[in-house]
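Each chain, written out:
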Amino acid sequence: MFKTMLIGTIIIACASIAAAQSDYKKFEFFGGYSHNRIDTGIGDDDPDLDDVFDEREGFHGFEVSATGNLTRYFGIKGDFSGHFKSRTFPFPAVPGASVDLDSRVFNFLGGVQIKDNSTEGTFKPFVHALAGVAHARNKVDINNLVCTGACPVDDTTLNETGFAAAFGGGIDIRASDSISIRAIQIDYNPTRLFDSTQHNFRIGVGIVFH
């Protein structure tokens, strides 16, 4: 009788432990606003196109990601973001002429996320390490440039794809069993485009569904 009770107790205890270990969110989807301080090489205070060294501009955009949690603390993450900026510059040495520059940068990243994905608790900090590719497009339009012969410059679009990564994290605040608010996310987002390395920093907020 005692052995039967002991075995039953052990079975119940093991089942409880197994249930506790599996009591975590298996999946999450994030969508929200993202602001990226992108190393464009063009300064805010000096709109001269020749000033192309170590300058950052604020790009507005979005970020979405999906994470499949393999354990309570470890997940595999896919991340996609897009950031956009339009500016107008005076054309050097040509009074009245200007340059419209429309820039877009997309990141396609994947990697790992560390987070407590249990169904308990309100505040959920996380960190992630992601790597992949970035694609940049710069569309240049020349305005009011009158040429008597062949123009030295013309409208053009420059495209480049290269390495990208994101290292950072943030904190989620649980609003309900299936929704959390991403109060803050901050990433270092280096890219390798146009034969140089850009040291970008992005910040985001949004909603997490799980």
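Here, every reference points to the structure presented above.
Residues numbered from 1 in each chain as written. Predicted model: local features only at pLDDT ≥ 70, side-chain atom pairs only at ≥ 80, totals over all residues. Heavy atoms only, no water.

## Quick notes on the nonpolar core
Here is step 1: Within the largest apolar cluster, ten residues are counted, these being Ile38, Phe59, Val105, Leu109, Leu130, Ala134, Ala136, Ala164, Ala166 and Leu193.
Here is step 2: If you tally residues by element for this core, the top one is strand 5 (residues 123-143), at three residues.
Here is step 3: Setting aside anything within four residues of it in sequence, one finds Ala134 in contact with Phe106, Asn107, Glu160, Thr161, Gly162, Phe163, Ala164, Thr191 and Leu193.
Here is step 4: Counting residues in each nonpolar core, the second largest holds five residues, with Phe89, Val99, Leu101 and Val140 among its members. (Core = buried A, V, L, I, M, F, W, Y, C linked by side-chain atoms within 4.5 Å. Buried < 20%, exposed > 50% of the residue type's maximum accessible area, 1.4 Å probe, protein only. Helix = DSSP H or I, 4+ residues; strand = E, 2+ residues; numbered from the N terminus. Contact = heavy atoms within 4.5 Å.)

## Concerning the packing of aromatic side chains
Here is step 1: For the structure on display, the rule yields six aromatic pairs.
Here is step 2: Members of the aromatic cluster, joined through ring pairs, are Phe62, Phe80, Phe84, Phe106 and Phe108.
Here is step 3: A cation over an aromatic ring shows up here: Lys26 above the ring of Tyr24, its NZ or CZ 4.4 Å from the ring centre.
Here is step 4: In this structure, Arg182 is placed above the aromatic ring of Phe30, and the distance from its NZ or CZ to the ring centre is 4.4 Å. (Phe/Tyr/Trp six-rings, centres within 6.5 Å; stacked < 30°, edge-to-face > 60°. Lys NZ or Arg CZ within 6 Å of the ring centre and 35° of its normal.)

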